[in-house]
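# Examination of the molecular architecture
What follows is each chain in one-letter form.
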Amino acid sequence: MSRTTLIVRNDLRRRLRAPMATILFLVIPLAMTGVIGMVFNPGADNRTQLPPIRLLVVDNDKDLAAKFLLGAFDQKELKDMFQVTLTDTATGEALMRKGKASAMLVIPEHFSDDLADQKPTALEVVKNPSEEFLPGVAEEFAATMAVGFSALAQVFADELKVIKSVRNLSLEAVTIADMTPFLEMARAKIIALRSYLSPLLLTVSSSTTTRPGREARASGFNIFSYIFPGMLIMFLLFTIEPSLREIQNERADGKTRRMMFSPLSGLELVTARIFSGWLLGMAVCLLAMGAGTLIFGIDWVSYPLQLALVAAACLCCAALFAMLNAFFRNKNQAGAFASPIILVFSAFGGSLLPLEQLPAGMRWVGRFTINNWFITGCREIMDGRLPIAALLVLTVSGLFFAAVAMAVLPRRLSAG
Amino acid sequence: MQQHILEIKNLSKSYGETVALANFSLDLGKGEVLGLLGPNGAGKTTLISILSGTLRDFTGSVTFKGQDLFADRGLKNLIGIVPQEMAFYEDLNATENLLFWGGLYAIPEKELKKRARELLALVELGARAREPVKKFSGGMKRRLNVAIGLIHRPELLLLDEPTVGIDVQAKMSILDIIRNVGREGTSVVFTTHQLSEVEQTCARIAIMDRGTILAQGTLAELIRIVGEKEVVEVSGEFSAAAFSAIIQQFDGNGMEVLSVTDNQAHLAFADPERIPAMMQHLFQRHLPIADLKIKSPNLEAVFLKMTGRSLRD
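Residues numbered from 1 in each chain as written. Chains lettered and ligands numbered in written order. Predicted model: local features only at pLDDT ≥ 70, side-chain atom pairs only at ≥ 80, totals over all residues. Heavy atoms only, no water.

All names here are of chain B. The tally for this structure, following the rule as stated, stands at 24 salt bridges over all chains. For Lys-114, the salt bridge is made with Glu-118, and the minimal N-O distance between the two is 3.3 Å. Taken together, the positions of Lys-114 and Glu-118, both in helix α3 (residues 109-122) and four residues apart, correspond to about one turn of that helix. Residue class for Lys-114 comes out partly exposed when judged on its relative accessible area of 45%. (Salt bridge = Lys/Arg side-chain N within 4 Å of Asp/Glu carboxyl O. Helix = DSSP H or I, 4+ residues; strand = E, 2+ residues; numbered from the N terminus. Buried < 20%, exposed > 50% of the residue type's maximum accessible area, 1.4 Å probe, protein only.)

Structure representation (structure tokens):
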């Protein structure tokens, strides 16, 4: 057995003898993923379902267009999506302040008349600032309705003028003969539009694929697969770091001196330490990923690619901490710096906050973290893409860190 | 003429302004057990660190079996070290530790296991071989520390204060092991600041202080340095200056001042009958003396004479 293998075997044996720390670093990311996932309210099948959007509507128009707009919320899909409450402005604002609604839609006075007269008018959406996502959906919906109403008002401009004039008259005063020319015009436009709208010439068919030619098994979005890679890489750093900190511990308690007095070379010792960290990281990471699949139904999509990504990430982590330990003076310094480094990596790299939610500056800094590249790589694999950049960055960085560690550490170890 | 297995010539090492070793020279014969005696800061650990290759930037030369110790990594297979620290894995058991440390020397597995069993028996840990070392007492850990240094059958064993912090029984056990190792032909360099340990264990003793060897030889040879003089140890609530001033006034014919510190002084008398006169001289000058001991010539007296200070300083 080579001396490197002997040290690796010894390290792993000792880890197995005192497995609690490793088990904790395996369980905590799973638990945190579970908790965060539950907060975001996944359904029983782990697919996210948005809660109904509580929408207040203030109808200051109470005319035809407003009724038409309100009627839209009674349609099946919108009825599921929106929980509409009619109110007045003062009550609506009070409810918004109390956080009882996601948004308030204000239909202005003379909305119907302005549409009929082709005058500019505006639907107002007041968003609840304490909510992130749902008010945005309400705003998007109002914008879509505005486009639709604008188009209809422009196409049926003449008809709307007639309707408006008819509304002001008593029914007895209007004869069929008066209406006939306008009905004929409207009919002609509807027939013309029908040729565009029914059947639709262009339709959109949507599906999600995992790789070319293969349809996705699940059509929804699994929030756990979004959270878990970030947690996993953070705790992978926490798992691997102590293996490399052993370098400092062994320097302090005389083991390194004893080792350096044997035929073992400093290079062999550093190689063994990096390999130990890598192997331990691989084992923990693969176990965690398996548990992620069993517990959260995460589909890693391509196991060979994930294995390659995990191998590259573990190399990068182990080599990084080996390099850092080449510059730390003692075990106290190593202990003091390791956790802050991991937490900064996690904050900037997308483990603690989703990468998309980070400010541009943080995202830029995040590109220098292992977390960022691992998370990005995981997502690319789950999207059916090859994580070439992530693999390349992690592997090349890992080899660079290892080279620096191998150049500096043996000299420091030989010095006891 | 006995061939030297280890030859150290003019070894010097400084830490900034502090000189740790100054032209230190020493040689060691095969199977010889050498006790390197010196107070804290004498340079013992620096010497062991240089020999173990963990300290650089020194001048001088060290040859082992005629070859430069630092040029041939293969020589490391022939040297064992027992550091001051408990340098082993407490979460492994004694056998696993021996197999791990022995494995670094590329010993065949079968032979290694046999050697581990023999050593555990030698250090009286055979019955506890499968217990995690963290459950061992301090003495047992020290014995394991020594056993690890012997796992690859070294021709030279370096022990850096191997008896620090253990009880008398455990200390005697370790000294026994060192004697046995020497008898089996392994050369031993053994640093300590305990006079009794080198007196009991070593065939040759070197007294070092401030990075250099002050005297070396067998116990009998060293005692002759002091001569056949009685040594008087005077203790009390006095300052070194006050004692020196008073003792200078005494007719010191045949008396030698070995050391004077606050609260303690050592004097050697060629004629023991002068001792009562000296005591009367001290009492008449009202020197607050609490205790007075008369000792036969011993290594401590030699040490005091050579270094001018006690090992406890």
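Here we come to the nonpolar core. Judged by nonpolar contacts, the single largest core of 127 residues is most densely connected at A:Met259, A:Ile370, B:Leu98, B:Leu104 and B:Leu299. It is helix α13 (residues 303-327) of chain A that contributes the most residues to this core, 16 residues altogether. Leave out the neighbours within four places in its chain, and A:Ile370 touches A:Ile233, A:Leu237, A:Ala313, A:Cys316, A:Cys317, A:Leu320, A:Phe345 and A:Leu394. Among the nonpolar cores identified, the runner-up in size contains 29 residues, and B:Leu11, B:Leu26, B:Leu158 and B:Val189 belong to it. (Core = buried A, V, L, I, M, F, W, Y, C linked by side-chain atoms within 4.5 Å. Contact = heavy atoms within 4.5 Å.)

On to helix α12 (residues 266-296) of chain A, then. Between its first and last C-alpha atoms α12(A) spans 44 Å; for 31 residues at 1.5 Å apiece the expected length is 45 Å, and the two agree. Downstream of α12(A) by a residue or two, A:Gly297 has a phi angle that is positive, lying close to 65 degrees. (Expected span 1.5 Å × (residues − 1).)

Attention shifts here to the sheet that holds strand β5 (residues 67-68) of chain B. Residues and elements named next belong to chain B. Ordered in space as β2-β1-β4-β5, the four strands form an open sheet in which the pairing is antiparallel. A single partner strand is all that each edge strand has here, and the edge strands are β2 (18-29) and β5. Relative to strand β4 (residues 59-64), strand β1 (residues 4-15) is paired through five bridges, and the arrangement is antiparallel. Bridged to Leu-6 within β4 is Phe-64. Contacting β1, β2 and β4, helix α1 (residues 44-51) runs over the sheet at an angle of about 115 degrees to β1. (Pairing = 2+ DSSP bridges. Axes fitted to C-alpha atoms, helices over the stretch in contact; angles between N-to-C directions.)

As a further point, take the confidence of the model for chain B. Looking at chain B as a whole, its pLDDT mean stands at 86, while 96% of the residues score no less than 70. The secondary-structure element of chain B with the lowest mean pLDDT is helix α10 (residues 299-307) of chain B, recorded at 75, while helix α2 (residues 94-103) of chain B shows the highest, at 94. (pLDDT = per-residue confidence, 0-100.)

With that out of the way, let us pick up empty space enclosed by the protein. Inspection of every chain in the model, using the stated rule, returns one cavity of 30 Å³ or more. In terms of lining, the largest cavity is formed by A:Arg258, A:Ser262, B:Ile81, B:Trp101, B:Tyr105, B:Ile148, B:Gly149 and B:His152. Considering only residue class, the lining of the largest cavity consists of four nonpolar, three polar and one charged. (1 Å grid on protein atoms, 1.4 Å probe; cavity = no way out; pocket = protein on both sides within 12 Å on 5 of 7 lines; lining within 4 Å. Points joined across faces, edges and corners; volume = space filled by probe spheres on them. Nonpolar A, V, L, I, M, F, W, Y, C, P; charged D, E, K, R; others polar.)

Under the defined criterion, the tally for this structure stands at 15 aromatic pairs over all chains. Look at A:Phe228 and A:Trp300: their rings are 6.0 Å apart centre to centre, the planes differ by 55 degrees, and that puts the pair in the tilted class. Residue A:Phe228 is located in helix α10 (residues 223-252), and its partner A:Trp300 is located in the loop between α12 and α13; the two are separated by 72 residues in the primary sequence. For the pair shown, A:Phe228 and A:Trp300 are each scored as buried. A ring pair is formed by B:Tyr89 and B:Phe100, whose centres lie 5.4 Å apart and whose planes are at 80 degrees; its orientation type is edge-to-face. In this pair, B:Tyr89 is assigned in the loop between β6 (79-82) and α2 and B:Phe100 in helix α2, connecting sequence segments eleven residues apart. Just as B:Tyr89 is buried, B:Phe100 falls in that class too. One aromatic cluster is present, built from ring pairs that chain together A:Phe224, A:Phe228, A:Phe296 and A:Trp300. (Phe/Tyr/Trp six-rings, centres within 6.5 Å; stacked < 30°, edge-to-face > 60°.)

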